[in-house]
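# Examination of the molecular architecture
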Amino acid sequence: MISFDSVSKVYPDGTHAVEDLSLEIPTGRITVFVGPSGCGKTTSVRMINRMIEPTHGIVAIDGRDISTVDAPVLRRGIGYVIQNAGLFPHRTVLDNVATVPVLQGRSRREARLAAAELLDRVGLDRALAKRYPAQLSGGQQQRVGVARALAADPPVMLMDEPFSAVDPVVRAQLQDELVRLQAELGKTIVFVTHDIDEAVKLGDRIAVFAVGGRLAQYAEPAEVLSRPADDFVADFVGRDRGYRALSFVYGTLPLHPEQTLVLGDRVPADAGTAAEGMSADHGRWVLVVDDERQPRGWLDCASVPVGHRVAVDDLVLGGSLATPDGSLRRALDAALSSPSGRGVAVDEDGRVVGTIAADEVLTAIEQARRSDLPGLQFDTQPAAR
Amino acid sequence: MSGAWTWLTDPANWAGPNGVWTRLLQHLWYTLLSLAIALVIALPLGAVIGHTGRFTGLVSGVANALRALPSLGLLILLALWGLHTLKGDLALLGPVIAVLVILAVPPILSNTYAGIANVDPATRDAARGMGMTGTQVLIKVELPVAMPLIFSGLRSAFLQVVATATIAAVVSLGGFGRYVVDGLARLDYPVMVAGAFLVGVLAVVGDRILAVIGHYVVSPGLTGRTARRPSATAADLVVARADGAAGG
Amino acid sequence: MNWEWLQRNAQQILTWTLDHVALAAAPTLLGLLLALPLGAIAHRYRWSYGTLITLAGLLYTIPSIALFVVLPGLLGTRILNPVNVVIALTLFTLALLVRVVADALGAVPPLVVASATAMGYQPLRSLLTVQLPLAIPVIGAGLRVAAVSNVSMVSVAVLLGIPQLGQLFIVGFQLDFFTPIIAGIVLCLLLAGIFDTIILLGVRLSTPWTRAVPGR
């Protein structure tokens, strides 16, 4: 557990980077420090590994005041991942990852073997081990940075905007991998970002900082979204916070069986009639799947003659998919983004199990407010409308 | 010109106390000695200045000023002083080596300092954050990364010293310069050209050898990349190279 | 220091100084004029960059004294002819500046060049009115190095008997007399400083945009 006890950082020119910060970071969880530029989030985190020293107050790890520990020794026990990775350009990827163990006195051979395993763990091809950082893409460099931080198996990891410098697609992958790694490793992670969506996605707890180094709110993501502590937090979280909060809401959704066509089938005469139990003005859309029953898109039956063989080119790509482990937000999005107005629900293997309608999702949201069901449930026996 | 070729291909000119081999060894001796001393002075100094970031203005100023010193004038000044004040063999050699060292230090110093100062701050931050002490950061990270520039400085210093050692023949030093100076005194142009040619070959071959050594010493991960830096700093690097490359 | 001696020989020293200025300034300017197009070519046509820079590097490796001695034979001029010095130093300045010009043009932000092209600038005009002005600071830095080195190298030419400040060194050596030597060194330093300042001012004056930002 990392604790801040009335910690302040004031610079000689009078700037208050951090104002009287007191909070406790729980062990084994991801805590995200989030806020706009100049809010002191990075300064606060850098006080944990003594890259910056506080002007007042005490930072302690597991009860021990870190100012009593020799700084380099302290840092070798803390993983440190920064933006742009900061990899050593003159060393191979493998040697980069093996840095801290070697510093701690392990033999280079052992350290390299362990490093190779770590590369697997962060999802990197072992063939990259002998390459130099300059030969890697931004996303790959960041993964090496994470591997390097994990090498000495430190209980604490500090990550300062590690994914900010990569493009959104790679960033989403890296975020998912971090969540996966954390599930395996259970480290105490302090993560810094300026992106509220990233904070909400990754954090078990979020600390929202305001400009001037003030801690505005420290709570679980759902609470920050639904009950912001003040105007600043509400503003920072943004206009979509109601929608974002849906990510944390689960409930039961009625699932409707859906008539499907397989690619290559001939379009029958009765295609596109309304699915059972749903209102008739949902148009003449038919869901098209492949041989594995995975959704490929929607076919507008008005656009093709009866008897026409369904081909990929005829399809309008469908919307996002609702999954059993997803939230109501996902389900709503699936319904809204589908050309037919019916959101496609799939099982863990990606096979179509039915569809849901937007208005039914909204009903489920209301019900969820009143109950407390875990996970998203599909009710395959909906009451007739 | 053909006279020079005749002279060079005459084996008699290669043997003896005024022969090419002897002069080569002398020239090499002056060069390597001065370079070694200059490295011992300039490398640690440049490393410390680059690492701590202090005195950078002073260093650039001094390096610039030293570049402006006329090597011939300095040689003659110190040689004369040496003849008056010192006794024996060292009377001439000491001051001349001193001049060679003074001229070799600026390129090594400014390139070392520029190389270290231009290490990506993220790399430095990561190194510290991982738990390296200041010295470890300097030796394990900053110096290796600065190696390409340091080597570039070394090569420039080498050229500077070879050139100035040639001129040192004016104050009665040995080496290939003897052919040029003595040839001039006797108006023996072929010998002058032969001497000039030998100096040129020594410089080019030596530079090539240093380049090859550098290729092995510098990590392959560092070839040619000056990373994503704003053009102002690219300018510093260009000047550092040019500065170092200003031979005699 | 024997000030009297200096006073007596002031006329001669002045002549030598002026000769020195001419011998140092001419190759610096000529070298720059030649290096600009060559550097631009090396920058624009990447395949030529390697060859040009290698040749330049090779040329720069040759000690000045070697070139001073060999050129008369190649050019057919008398050893005493100052043209040898000018040509030799021009070649050195050229060798140094080709790479500086090429790299300086390369350091111009590619986005700036791209917007110029997108606006309809033809390559030559873009080079002259957009890229070169932005490359001035870096070229200027290289030019200062070249100018100062040239001042020093000219004095070496005294070994060929060419009249310039280097003569003071030889006179001092022959007469076993410190005054002319120190005078020569001081004057060389002064000249180098003046050249350096002139180029620095030139760069400042021709790049008003760098001055507009406070704190630079």
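Read on for an overview of the structure. (Residues numbered from 1 in each chain as written. Chains lettered and ligands numbered in written order. Predicted model: local features only at pLDDT ≥ 70, side-chain atom pairs only at ≥ 80, totals over all residues.)

### Details of the overall build of chain C
A count of helical and extended segments in chain C gives 10 helices and 0 strands. Start at the N end of chain C and walk to the C end: the helices and strands fall as α-α-α-α-α-α-α-α-α-α. Taking all 216 residues of chain C together, the buried fraction comes to 45%. (Helix = DSSP H or I, 4+ residues; strand = E, 2+ residues; numbered from the N terminus. Buried ≥ 20, exposed ≤ 12 C-beta atoms within 10 Å, placed from the backbone.)

### Brief notes about the interface of chain A and chain B
Facing 20 residues of chain A, the contacting portion of chain B comprises 18 residues. Elements with a contribution of two residues or more to the side of chain A that touches chain B: α2 (71–76), β6 (78–82) and α4 (99–103) of chain A. At 4 residues, the largest contribution of residues to the side of chain A that touches chain B is made by α2 of chain A. For the side of chain A that touches chain B, the residue count by class is 12 nonpolar, 5 polar and 3 charged. (Contact = placed C-beta atoms within 7 Å. Nonpolar A, V, L, I, M, F, W, Y, C, P; charged D, E, K, R; others polar.)

### Some remarks on helix α5 (residues 108–121) of chain A
Turn by turn, an α-helix covers 3.6 residues, leaving residues three or four places apart pointing in a common direction. Residues and elements named next belong to chain A. Relative to the 20 Å expected for 14 residues at 1.5 Å per residue, α5 spans 20 Å between its end C-alpha atoms, a close match to the ideal helical length. All of the buried residues in α5 are Ala111, Ala115, Leu118 and Leu119. Looking down the long axis of α5, one finds its buried residues gathered within 105° of arc, a one-sided arrangement. Projecting away from the buried face of α5 at angles above 90 degrees are the exposed residues Arg109, Glu110, Glu117 and Asp120. After α5 finishes, the residue Gly123 shows a positive phi value of roughly 80°. (Expected span 1.5 Å × (residues − 1). Arc of directions from axis to C-beta.)

### Observations regarding the pairing of strand β14 (residues 295–300) of chain A
Residue and element names in this part refer to chain A. Two elements, strand β13 (residues 285–289) and β14, share 5 bridges in a ladder whose sense is antiparallel. Within the sheet, the bridge partner assigned to Leu287 lies in β14 and is Trp298. Joining the antiparallel neighbours β13 and β14 is a turn of 5 residues, in which Arg293 adopts a positive phi near 70°. (Pairing = 2+ DSSP bridges.)

### Let's talk about the environment of Thr42 of chain A
Within the secondary structure, Thr42 of chain A sits in helix α1 (residues 41–46). Taking C-alpha positions, Thr42 of chain A is 8.6 Å from Glu161 of chain A, a pair spaced 119 residues apart along the chain.

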